[in-house]
Amino acid sequence: MKVKQIKVPYFQQVNQITEHIQTSFTERVDLLRLQATHGLDSTQQAKMGQFLTPAPTACLLASMFDISHSSIRLLDAGAGIGSLTAAFVSRICQLDKKPKYLFISAYEIDSVFITYLSDTLKMCESECNKAGIHFTAEILQEDFIKAGVNNLELGLTSPEQKFDFAILNPPYRKIQNQSEYRKTLNRIKIETTNLYTAFLWLTTQLIAPNGQLVAITPRSFCNGSYFRNFRKTFLSDLHFRKIHIFESRNQAFKDNNVLQENIIFQAVKSPNNDNDVEIISSVGPDDKASTVSYIKHSQLVTPDDPNLYIRIVTNSLEQQIAKQMMTFSCTLEELGLSVSTGKVVDFRASKFLRANPEKDTIPLIYPGHLVNHSIVWPKPNYKKPNAIIDCPETEKLLLSSGIYILTKRFTSKEESRRIVAAIFHPKQYPQPKIGFENHLNYYHCHGGGLPEKLAWGLLAFLNSTLVDEYFRQFNGNTQVNSTDLRSLKYPNLAQLEKLGERYLSGLIDQNKIDIYIEELFNMSDNSNEFNSIKATKRIDEALAILKDLGLPREQYNERSALVLLSFLDLKAMDSWIEAKAPMRGITPVIKFIAENYGRTYKPNTRETIRDETVAAFVNAGILVKNPDKPDRPTNSPKTIYQIESAILALLQTYETEDWTTNLRDYLVSTETLKTRYAQHREMQMIPIKLPNQQDIKITAGGQNILIKKIVDEFCPRFTPGGEILYLGDTGSKYGYCDTNALLSLGITLTPSQKIPDLIIHYTVKNWLVIVEAVSSNGPINVQRQNELKLLFGNCTAGLVFVTAFMDRSNLLKFIHQIAWETEVWIASDPSHMIHFNGERFLGPYQ
């Protein structure tokens, strides 16, 4: 047995913490990142855009390069503590054909990070030496923007000094009009509104011909007028080869709680020959079940698009949606229409605003007034004003009353629709004028209202699933700007009026809107292509079902929805009553998804789909494993699954009047179903032999797997001869409890208490060893340590606190939270213990 005592602060001398558990190079660097992040002021961090790259995300960036060079010059602009450089070094050291030389230029302005960056580069050098790669590096503690501009102005970047590769996580921060950055960039004719695009712009000038740039950035540069100049220059120098997007916007920087729609891309500095672009989509950076598709560069950026919007199409369904939208050819200008932003900026006009209508006021419409395609005004107890005074001072802010189509400028990514449109009709509010608040866009005809049939047709078109799904392909944030709406192509006047007639006839249901648009514009599925709209809506329905069934939050993703549809053999054109119960293995599931829903999973994703989605469905009682042969060996390649019969019967009633009642009855009867499958679960129970030789069983899955390892591996090594007084069970809370022994030590436990996972009495030393098994919840931090001290305040034995992890990767996620004077044990390295500070090993502190 080996015990490692750590008397230094958490993250100093990282090798002391990790050498005995064979931590990987990138994991050691990630410890530095955790320390550096832990020491940052969160307000300053957000202000400066200092979000350091977690190891999984950094490794994903490094994997995007195509590397065949014998000598490499790498630029890391805004290096932070060097996470991206470390991931790159790790990648090249694992290549079969390794480069002979590596030179790195790492820019970092923040002095807080320089020591960490230096340590990272020393580790990089050590890794390269082991791999036989000659390594040199320089740390440039200066502002990358100012240094880059100076070098370009003075001609200091000769061809030999340019970089073969650049890897970036640039700071995300707006550049004010009068800032020094704006003046500096103007010297070399760079006009941009954000630091991240300025970093990218400069980097394009510093890489050599055929050089590769890989970066993680917000997706916002893909559209909008603010970034048009950037897109024009960027795309004149580079073209995309690979783009990776995330289904969830909180995954790339999840331990920093950053909510941002990010993309990772590889771009090459060479002529654009309309090459294929690989589009990869995953839930997060460490999701191994990613989908992949290929589109031409001309599909990504349409050559005749004056705005050069970047439309990221991730699968066959989205390709079909883009193709259908291309059938429309009219611009707003050709229709005689315009779209503008609401003129009333409330904080500037605050003295003219009124909570409720009064004499000499007119309606003021906010986004909150838009409800179900129409306007609800006034809204009682609304947090925003309902009216604005009509007076000479507000005259320029108001419009003549008429029919207008309004859209919200801001929607959350989690909302079901990105474009939310409603109609303002003067018949409903007969006032001579109207005010629209600045968070709305409004469609108008030369500053006035729209013709009625045209307005209703435009409303139906904007609220269609087709437009919403297409808009998401290039709109990578929660804003819906008037520029983006102007960039759309629309049906012609006659088509919109015909659509308006149908809308006015009462067909205002979302499903009916989509059906009629499909019919009106000849988009019916007359070919072998996917019916993109129905397939998209079917996936959304499956997601809604998973939420209704109460599955864990981690299953609320597209992959889970597609797997469910596969086991129901439900295609886009089928109705829910046609759902079936085929018996399928994982490979047929992947094939069904590709053939019917256009998502092509990478070949190596089979195990991930099985372990992270199908297994969860089995545990939830949605699927039955090996219904034809329950005793089939666990790892058999013939393993199959089938939808459970009660779930099948329930789902066949989806979208019927009986659904709500049947769902309620099913959820109420869940306990009955659990009883029905008790024997099946009993086969999956985890057997445990306690130190007193008593045999017990605990529920399979969850953290109970780790609890068994603690009993089998930790106890014999570190508490030999000790007695387990309490053992928690994920399924029943009390897996084992020796009440009398606890009482003899002055301990009384009740079900309402937050009890640790294991309580062990190490009788030889009279220690009470308290163990928390970390699988999803956190470790013993200061707050939890104090809670436990209070809970066991009357105990006559000395208290010892241990946090147990399954493996090193889980330790790295939580290491910055661990309390002083506690222990850490890792199941994958069972003979080792890490002790955090203090004078003693594995002992109580009084």
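Scroll up for the structure.
Now for a description of the structure that goes with this document. Counting restarts for each chain: residues are numbered from 1 in the order of the written sequence. Where totals are concerned, whole chains, interfaces and linings use all residues; where local detail is concerned, this predicted model gives features only for residues with pLDDT of at least 70, and gives and counts side-chain atom pairs only at 80 or more. No hydrogens and no water enter the side-chain calculation; it runs on all heavy atoms of the structure.

## A closer look at the side chain of aspartate 164
Okay, step 1: Here a helix means four or more residues in a row that DSSP labels H or I, a strand means two or more in a row labelled E, and each is numbered from the N terminus. Mapping aspartate 164 onto the fold places it in strand β5 (residues 163–168).
Okay, step 2: Categorising residues by exposure relies on relative accessible area from a 1.4 Å probe, with only protein chains included: less than 20% of the type maximum marks a residue as buried, more than 50% marks it as exposed, and the intermediate range marks it as partly exposed. Residues scored as positive are Lys and Arg, those scored as negative are Asp and Glu, and His as well as the terminal groups of each chain are ignored. Any Lys or Arg side-chain nitrogen located within 4 Å of an Asp or Glu carboxyl oxygen qualifies as a salt bridge. Although aspartate 164 is buried, it makes no salt bridge; arginine 73 carries the closest opposite charge, 5.7 Å away.
Okay, step 3: Under this definition, polar contacts are N or O atom pairs within 3.5 Å; protein pairs additionally need one hydrogen-donor-capable and one acceptor-capable atom, and for neighbouring residues in sequence, both atoms have to be side-chain atoms. There is a polar contact of 2.7 Å between the side chain of aspartate 164 and the backbone nitrogen of arginine 73.
Okay, step 4: If we ignore the near neighbours within four places in the chain, the residues touching aspartate 164 are His69, Ser71, Ile72, Arg73, Gly211 and Gln212. Contacts are assigned to residue pairs with any non-hydrogen atoms lying within 4.5 Å of each other.

## Topic: the nonpolar core
Okay, step 1: One finds Leu213, Phe221, Phe240 and Phe265 to be the most contacted residues of the largest nonpolar core, which totals 48 residues.
Okay, step 2: Broken down by element, this core gets its largest block of residues, 8 residues, from helix α9 (residues 195–206).
Okay, step 3: Ignoring anything within four residues of it in the chain, the contact list for phenylalanine 265 reads Met64, Leu200, Leu213, Val214, Ala215, Thr217, Phe221, Phe234, Phe240, Lys242 and Ile243. In this text, buried Ala, Val, Leu, Ile, Met, Phe, Trp, Tyr and Cys residues form a nonpolar core when linked through side-chain atoms within 4.5 Å.

## Details of the environment of leucine 651
Okay, step 1: In this structure, leucine 651 sits in helix α22 (residues 645–651).
Okay, step 2: Separated by 83 residues in sequence, leucine 651 and leucine 568 place their C-alpha atoms 9.1 Å apart.
Okay, step 3: With near-sequence residues (within four places) excluded, leucine 651 lies in contact with Ile545, Leu564, Leu568, Trp576 and Trp659.

## Digging into the sheet that holds strand β2 (residues 71–77)
Within a sheet, neighbouring strands are paired by backbone hydrogen bonds and run either parallel or antiparallel to one another.
Okay, step 1: Taking strand neighbours across the sheet as the criterion, the 9 strands line up as β4-β3-β2-β5-β6-β8-β7-β9-β10 in an open arrangement whose pairing is mixed. Pairing within the sheet leaves two strands with one partner each, and these edge strands are β4 (134–140) and β10 (291–296). Taken over all neighbouring pairs, the strand axes of this sheet differ in orientation by 15 degrees on average, direction set aside.
Okay, step 2: In this description, strands pair whenever DSSP reports at least two bridges between them. Sheet topology places β2 next to β5; 2 bridges connect them, and they run parallel. Looking at the pairing, leucine 74 lines up with phenylalanine 165 of β5.
Okay, step 3: Lines fitted to C-alpha atoms define the axes, with helix axes restricted to the stretch in contact, and inter-axis angles between N-to-C directions lie between 0 and 180 degrees. Running over the sheet, α9 touches β2, β5, β6 (207–218) and β8 (262–268) and is turned about 165 degrees from β6.

## Describing the packing of aromatic side chains
Okay, step 1: By convention, a stacked pair of Phe, Tyr or Trp rings (six-membered ring in the case of Trp) has centres within 6.5 Å and planes under 30 degrees apart, an edge-to-face pair has planes over 60 apart, and any other such pair is tilted. Applying the stated rule across the entire model yields 33 aromatic pairs.
Okay, step 2: The interplanar angle of 80 degrees and the centroid separation of 6.1 Å between the aromatic rings of tyrosine 404 and tyrosine 442 together place this pair among those described as edge-to-face. Linking tyrosine 404 in strand β18 (residues 404–408) with tyrosine 442 in strand β21 (residues 440–444), this pair joins segments that are 38 residues apart in sequence. For the pair formed by tyrosine 404 and tyrosine 442, the shared burial category is buried.
Okay, step 3: Relative to tryptophan 767, the ring of tyrosine 762 has its centre 5.7 Å away and its plane inclined at 75 degrees; by these criteria the two rings are edge-to-face. Across the pair, exposure class does not vary: tyrosine 762 and tryptophan 767 are buried alike.
Okay, step 4: Three or more aromatic residues link up through ring pairs in this structure, and these residues are Tyr172, Tyr196, Trp201, Phe221, Phe227, Phe230, Phe234, Phe240 and Phe265.
Okay, step 5: Whether a charge lies above a ring is judged from NZ of Lys or CZ of Arg, which has to be within 6 Å of the ring centre and within 35 degrees of the ring normal. The aromatic ring of phenylalanine 163 is capped on one face by arginine 73, whose charged end is 5.1 Å from the ring centroid.

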